[in-house]
Amino acid sequence: MSLEYAILVSLRERAGSGYELARRFDKSIGYFWAASHQQIYRSLKRMVELGWVDCDQVAQLKRPDKKVYRVSEAGSEELRRWIAEPASTRNDLTVKLRGASFGDPAQVREEFARQRDLHVQRLSLYREIERRDFPDPAKLTGQALHQHLVLSGGIRTEQALLEWCEDAIRALDDDQG
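Residues numbered from 1 in each chain as written. Predicted model: local features only at pLDDT ≥ 70, side-chain atom pairs only at ≥ 80, totals over all residues. Heavy atoms only, no water.

If you look the protein up in an unreviewed UniProt entry, it shows as Transcriptional regulator, PadR family from Saccharopolyspora flava.

S.K.: How should the sheet that holds strand 2 (residues 53-60) be read in this particular structure?
M.R.: Within the open sheet, the three strands sit side by side as 1-3-2. Their pairing is antiparallel. Of all strands in the sheet, those bounded by a partner on one side alone are strand 1 (16-17) and strand 2. Alignment of strand 1 against strand 3 (residues 63-71), held across two bridges, turns out to be antiparallel. Bridging from a neighbouring strand, Gly16 pairs with Tyr69 of strand 3. (Pairing = 2+ DSSP bridges. Helix = DSSP H or I, 4+ residues; strand = E, 2+ residues; numbered from the N terminus.)

S.K.: What's the story with the environment of Arg114 in this structure? I'm lost.
M.R.: Residue placement: Arg114 occurs in helix 6 (residues 105-133). Accessibility expressed as a relative area gives 34% for Arg114, which makes it partly exposed. Distance from Arg114 to Ala87, taken between C-alpha atoms, is 9.5 Å for residues 27 residues apart in sequence. When neighbours within four sequence positions are excluded, Arg114 is seen to be in contact with Pro86 and Ala87. (Buried < 20%, exposed > 50% of the residue type's maximum accessible area, 1.4 Å probe, protein only. Contact = heavy atoms within 4.5 Å.)

S.K.: Before we go on, may I ask you to explain the pairing of strand 2 in this structure?
M.R.: The side chains of a regular strand alternate, first on one face of the sheet and then on the other. One ladder, built from seven bridges, connects strand 2 with strand 3; its direction is antiparallel. In the sheet register, Asp54 faces strand 3, and the bridge partner there is Arg70. Linking two consecutive strands that pair antiparallel, namely strand 2 and strand 3, is a turn of two residues; a positive phi of about 60° is found at Lys62 within it.

S.K.: What should I look at first to understand the domain arrangement of the protein in this one?
M.R.: Many analyses report the size of an interface as the accessible area lost when the parts associate. For the protein, the assigned domains are domain 1 (2-84) and domain 2 (105-175). The centre of domain 1, based on its C-alpha atoms, is set 34 Å off from the matching centre of domain 2. (Domains from an automatic or database assignment.)

S.K.: Sorry if this is basic, but what is going on with the pattern of salt bridges here?
M.R.: Should the charged atoms of two oppositely charged side chains come close, the side chains can pair. Within this structure, the stated rule accounts for 19 salt bridges. With its nearest N and O atoms 3.2 Å apart, the salt bridge here joins Arg116 to Asp117. Residue classification places Arg116 among the partly exposed positions, given a relative accessible area of 23%. Members of the salt-bridge network, linked through shared partners, are Asp54, Asp56 and Arg70. (Salt bridge = Lys/Arg side-chain N within 4 Å of Asp/Glu carboxyl O.)

Shown next, in the form of structure tokens:
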């Protein structure tokens, strides 16, 4: 995912300076999409050039003027377009969910349904591998144990992601109903 979309979501939630935005990333979105202050400032510059954000100069006493960024109409349109696209990573999906109200929540719900189906398939595959290659996990040692532990981590990850998708689908359904 491009950092720009996480920034657009954050700025749609609340306009702010680059410093304020970096602080918000440190305290919320940054747990899912990490970005250095330098990366945020570079992205903001690029987003101004693209016309996705507008920047107002705000005078401050005894300090240099502060730049306050807000999402432009072009930025809002770009965010809606991106939210409607299939997610390519879990981080994308997380940011799309956070920004669902700035796009079409029904499209986000459909993306969660698509992701749920992918996790069902992957979980089924992992369980089949476990049945085939590790019929008695309690007796494993050495390399086979290590391989099974990796597979077990994959199974648990897929189970958790499947549950998250199902929870999100239910919540988005309830929100629309």
